[in-house]
Structure formats: structure tokens, C-alpha cells
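Survey of secondary and tertiary structure
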Amino acid sequence: MSNKLVLVLNCGSSSLKFAVIDAQTGDDKISGLAECFGLENSRIKWKIDGEKHEAALGAFTAHREAVEYIVNKILAEQPELAAKIQAVGHRIVHGGEKFTRSMIIDESVIKGIEDCASLAPLHNPAHLIGIRAAIASFPKLPQVAVFDTAFHQSMPDHAYIYALPYKLYREHGIRRYGMHGTSHLFVSREAAKMLHKPIEDTNVICAHLGNGASVTAIKGGKSVDTSMGLTPLEGLVMGTRCGDIDPSIIYHLVHQLGYTLEEVNNLMNKQSGLLGISELTNDCRGIEEGYADGHKGATLALEIFCYRLAKYIASYTVPLGRLDAVVFTGGIGENSDLIREKVLNMLEIFNFHIDSERNKAARFGKKGIITQDKGTIAMVIPTNEEWVIAEDSIKLINQ
Ligand SMILES: Nc1ncnc2c1ncn2[C@@H]1O[C@H](COP(=O)(O)OP(=O)(O)O)[C@@H](O)[C@H]1O
Ligand SMILES: CC(=O)OP(=O)(O)O
Ligand SMILES: [Mg+2]
């Protein structure tokens, strides 16, 4: 174990993922999830050196109590490990245009994250609670903010400006920002290594397919286009988010069908995507089971998910010119050989020839090329956002 341990916190709207990571090797010493915040059954699960633990957090717990639990119980039982933690790294979904790189957190960074809260109302307020709780629990440790949006600040304006009146951008910052940047950065670097090419000469399209999902075109290590927009709602079909729709549907739902704007927002973010189409589940494993059993909704959801993804991948060859590889990552990208096969078959025009055995082998944390030796390469690379956050935290505090 090196002396570069970082506690990484990823505060979501109703959960908190955490890990204690060795920034040098990427090994997690502790990893866990506190979930169901605000409900009676909020709980926390964690793993220490592979051994699993679980506890109830008490009714109506939220981020602050969860951070206290991590510090007072989990880390207190591991005093040697706790004493070696050098920094706390926070995943921040929205950094607007202000943050193009990771930052050591001080009052002005907190103010900047607050200023972006209206652009990510589900995420940024939760991050701020996590930051304040972590400062209270670890007053002596440096706190670092690592932004999902930072990696996408290299996009050219023709990729990030919406065809709306320009003053909405100028006066209110309404533009495409993109998310999952930490993951896209990590897997694109790993892809360059697997291709034995310098990152500056590597052009890849990365599909991060988790509960939220996005595709990014990465040219020479820089994001040149991405599918998420002002918020994480735009782009692909996701677990419960609709991704791209005709914006007039909102007007129609409100004025013809009597929905409130609040209800429409909830419908698009929480009741759509795989869940909304299938009327079964937002979980890709459940969708695949439904598909295997001939469930009509699950089959349609899977087809739409793959078709939208294939169209995005095809369109991102435009900014790249030359495509070296397509990379799949995230819980679905790393595990669903079915979705990978369907998507690559839809992209036959780009000369992908899937290798079934390689595709089946690259699952459950195993990376690998999944196409045959001829044609364009597709690969699977497990993401590790926590490692990037830990590395950035150590780099910044040593500067
Ligand atoms: N073996 C599997 N086959 C298909 N999908 C899987 C498998 N394992 C996990 N997934 C899917 O991965 C998704 C969660 O991905 P993850 O990256 O953990 O999400 P997030 O970080 O956004 O919470 C879920 O839809 C889940 O069903
Ligand atoms: C930005 C986003 O969608 O994040 P997640 O995948 O963690 O929901
Ligand atoms: Mg994720």
C-alpha cells in the first residue's frame, strides 16, 4: 500500500458512493454505497478488502449522516488506513464553464459549485452537502473537486451551442456541457494504451452506459462532442431518462394533456427510458431477461436503446474523421454482450466484425477487444472514475 490514499465521495440525489483508494495503484481498500436517503429504510453497504458488510442508517438519513457514519464507524475501525488518508476527492457533476480542471476546494470553489446548481438541480446541491459534511468530519484534510463537465470543455462552439437565440448562451450559460467526463477521460487513455498509440494520435468514440449514459467523440485525447447537454437528460435512452425528444412534446403535455411542468420534468427524468418503454424495469439485466422471455415492452426498449446508441456512434465519426476504436464502458457497456453485439451489427457500414467469443469473455470487469482481427476495432474497458478522482486529488495537493 502506498501512502497515497484518498477518500472519494460521489454524492447523488438519493445515494452516496464512497471508496478509499490507493491513487498509485488504483486498488480500493474500502468501497461502498449509502442509499435510500430520506426514506425509512436508508442503509449503507461496504466492502473492506473484499469482505462485505451492511447496516441500517436509521430513518430519514441523508448525506451528512452517511459521511459521519463512514468516518465514525467504518474508518474508526480501520485506524491505520484512516490515518493514511491524504485527501477527500469529490465527484461534482456540473462545473459549468468556470471549472475546466480539478480544484482544491475553498470558499470560491464552493460558490462556483453553488452557482452551477440550477444547471444540475439533482446533483450539485447533494455534492455541496457532501463537501460540507466531509469538511466537518475531516477538518485537517484537503478537499478536492473533480468535475464531470471539465473534460468536455475542449469541445468547439459548433458542438456545444444550441440553435436557440445566442443571448441565452451569452447571458445565461445555456449550452451543451456534457457529463461522465472523468469516465470518458479514463477509458480513452486506456484505449490508447491497448491500441499501442500515443493519446495525441488516438481517435475513439466512448460509450459510457450506466444508469445515466452518454457517448463522447475523443480526438487526440480531447472531447470534441458528447451526447449529454445542459443537463444529464439529453442524448441516449437511459434507465429512467428519455434522452433526445422533440421539445414540443413538453408544450403538448402541459397545454393539451394538463401536466404541470414539475410532472413533465419528473416524467422525463424518472419515468422514461428503459423503464418507461418496457413498463417493466429500468435495470438492464431485467430488460435482457424480459427480452429472452419474449416480453414485448422489454424487447422494444432494448431495440430503441441500441438503435439510438448506434446512430450516435455513427454521427460521431463526423468530428473524428478517422476512427481507431469504439469503446464500451459503464455497468451496461462492461457487461451486456447482447447490447454490444446488436449495436455493432447495426454499424456494419463501418466494417465492424464482432468476435462472439471475445465479446462473451469481456465481461464482469475484464477488458478486451471484442472484434475480429480484420476491420474496425471495438473494445470493452471497465471504467474507474474513483481512481481518476484519487489521482487528481494527490496531484493537486502535491503541487
Ligand atoms: N451483467 C449485466 N448485464 C447487463 N447489464 C448489467 C449487468 N450488470 C450491470 N448491468 C447494468 O448496469 C447498469 C448500472 O450501471 P452503473 O455503471 O453501475 O450505473 P451508475 O454508475 O450510473 O449507477 C444497470 O442498468 C444494470 O442493469
Ligand atoms: C451525469 C450522470 O448521469 O451521472 P450518473 O450516471 O451517475 O447518473
Ligand atoms: Mg456511474
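Source: prediction; values computed, not measured. (Residues numbered from 1 in each chain as written. Chains lettered and ligands numbered in written order. Predicted model: local features only at pLDDT ≥ 70, side-chain atom pairs only at ≥ 80, totals over all residues. Heavy atoms only, no water.)

With that settled, the discussion passes to the UniProt feature "binding site: substrate" (unreviewed entry) in the chain. Under the local residue numbering, the UniProt record ascribes the feature "binding site: substrate" (unreviewed entry) to R91. Here R91 shows up in strand β6 (residues 85-92). The contacts of R91, once residues within four sequence positions are left out, are L9, N10, H127, V146, D148, H180, E385 and I389. There is a polar contact of 3.5 Å between the side chain of R91 and the side chain of N10. (UniProt positions renumbered as here; feature names shortened; annotations may be inferred. Helix = DSSP H or I, 4+ residues; strand = E, 2+ residues; numbered from the N terminus. Contact = heavy atoms within 4.5 Å. Polar contact = N/O pair within 3.5 Å; in protein donor to acceptor, adjacent residues only side chain to side chain.)

Let us look at the site of ligand 2. Close to ligand 2 lie R91, D148, M179, H180, G212, M228, P232 and R241, which account for all nearby residues. The contact in question runs from an oxygen atom of ligand 2 to an N or O atom on the side chain of R241, over 2.8 Å. In the complex, the protein chains occlude 83% of the 260 Å² of accessible area that ligand 2 would expose alone. A per-class count over the shell around ligand 2 returns 3 nonpolar, 2 polar and 3 charged. (Near = heavy atom within 4 Å. Areas by Shrake-Rupley, 256 points an atom, 1.4 Å probe, with all protein chains shown as cover. Nonpolar A, V, L, I, M, F, W, Y, C, P; charged D, E, K, R; others polar.)

Let us now look at the pairing of strand β4 (residues 43-48). Of the two faces of β4, the one holding I44, W46 and I48 is buried and the one holding R43, K45 and K47 is not buried anywhere. Alignment of β4 against strand β5 (residues 51-56), held across 6 bridges, turns out to be antiparallel. The residue bridging K45 from the neighbouring strand is E54, located in β5. Joining the antiparallel neighbours β4 and β5 is a turn of 2 residues, in which D49 adopts a positive phi near 45°. (Buried < 20%, exposed > 50% of the residue type's maximum accessible area, 1.4 Å probe, protein only. Pairing = 2+ DSSP bridges.)

We now examine the state of the cysteines. Every disulfide links exactly two cysteines, by a covalent bond between their sulfur atoms. The final tally for this structure, using the stated rule, is 0 disulfides. There is no disulfide at C242, and the cysteine sulfur nearest it, in C306, is 18 Å away. C284 carries a free sulfur, and the closest cysteine sulfur to it, the one in C306, is 8.3 Å from it. Taking the relative accessible area as the measure of exposure, C284 reaches 11% and is therefore buried. (Disulfide = S-S within 2.5 Å.)

The next subject is the pattern of salt bridges. Following the criterion strictly, the structure yields 20 salt bridges and no others. With a closest N to O distance of 3.1 Å, K111 and D115 form a salt bridge. Of the two residues, K111 and D115 are both situated in helix α3 (residues 107-115); the distance of 4 residues between them amounts to about one turn of the helix. Here K111 falls in the partly exposed class, since its relative accessible area comes to 45%. (Salt bridge = Lys/Arg side-chain N within 4 Å of Asp/Glu carboxyl O.)

What follows concerns the pairing of strand β9 (residues 203-209). Of all 7 residues making up β9, 7 are buried, and the element is well covered by its neighbours. Covered by surrounding structure in β9 are N203, I205, A207 and L209 together with V204, C206 and H208, the residues of both alternating faces. In this sheet, strand β10 (residues 213-219) lies alongside β9 in antiparallel orientation, the contact comprising 7 bridges. In the sheet register, A207 faces β10, and the bridge partner there is V215. Between β9 and the antiparallel strand that follows it, β10, lie 3 residues. Bridging between β9 and strand β12 (residues 325-329) involves 5 bridges; their strand directions are parallel. The residue bridging C206 from the neighbouring strand is V327, located in β12.

Once that is clear, we can look at the sheet that holds strand β13 (residues 368-369). Hydrogen bonds between backbone groups are what pair the strands of a sheet, and the pairing can be parallel or antiparallel. In spatial order, the strands read β11-β10-β9-β12-β14-β13; together these 6 strands make up an open sheet with mixed pairing. Whereas interior strands pair on both sides, the edge strands pair on one side only; in this sheet they are β11 (222-226) and β13. Together, β9, β10, β12, β13 and β14 (377-380) form the strand contacts of helix α7 (residues 181-195), whose direction differs from that of β9 by roughly 130°. (Axes fitted to C-alpha atoms, helices over the stretch in contact; angles between N-to-C directions.)

The 8 strands lie next to each other as β5-β4-β3-β2-β1-β6-β8-β7, forming an open sheet whose pairing is mixed. Two strands bound the open sheet, and with one partner strand each, they are β5 and β7 (103-104). Both β7 and strand β8 (residues 143-147) contribute to a ladder of 2 bridges, which runs antiparallel. For M103, the partnering residue across the bridge sits in β8 and is A145. Contacts between helix α4 (residues 124-137) and the sheet are confined to β1 (5-11), β6 and β8, with β6 contributing the most and set at about 165° to the helix.

This part takes up the site of ligand 1. Among the 14 residues in the neighbourhood of ligand 1, the closest are listed as K17, N211, D283, C284 and G331. The separation between an oxygen atom of ligand 1 and a polar side-chain atom of K17 is 3.0 Å. I332 places a polar main-chain atom, nitrogen or oxygen, 3.3 Å from an oxygen atom of ligand 1. When ligand 1 is considered free in solution it has 590 Å² of accessible area, and contact with the protein chains removes 75% of it. Elements represented by at least two residues in the shell around ligand 1 include exactly α11 (284-292) and α14 (330-335). Per-element accounting of the shell around ligand 1 gives the leading share, 4 residues, to α14.

So, about the nonpolar core. Among the nonpolar cores identified, the biggest contains 43 residues, and L209, F305, L309, F328 and V343 are the most heavily contacted of them. Taken together, the elements giving at least two residues each to this core come down to β9, β10, α11, α12 (296-315), β12, α15 (337-346) and β14. For this core, the element with the most residues is α12, which contributes 9 residues. Among the nonpolar cores identified, the runner-up in size contains 30 residues, and I44, L57, L81 and F138 belong to it. (Core = buried A, V, L, I, M, F, W, Y, C linked by side-chain atoms within 4.5 Å.)

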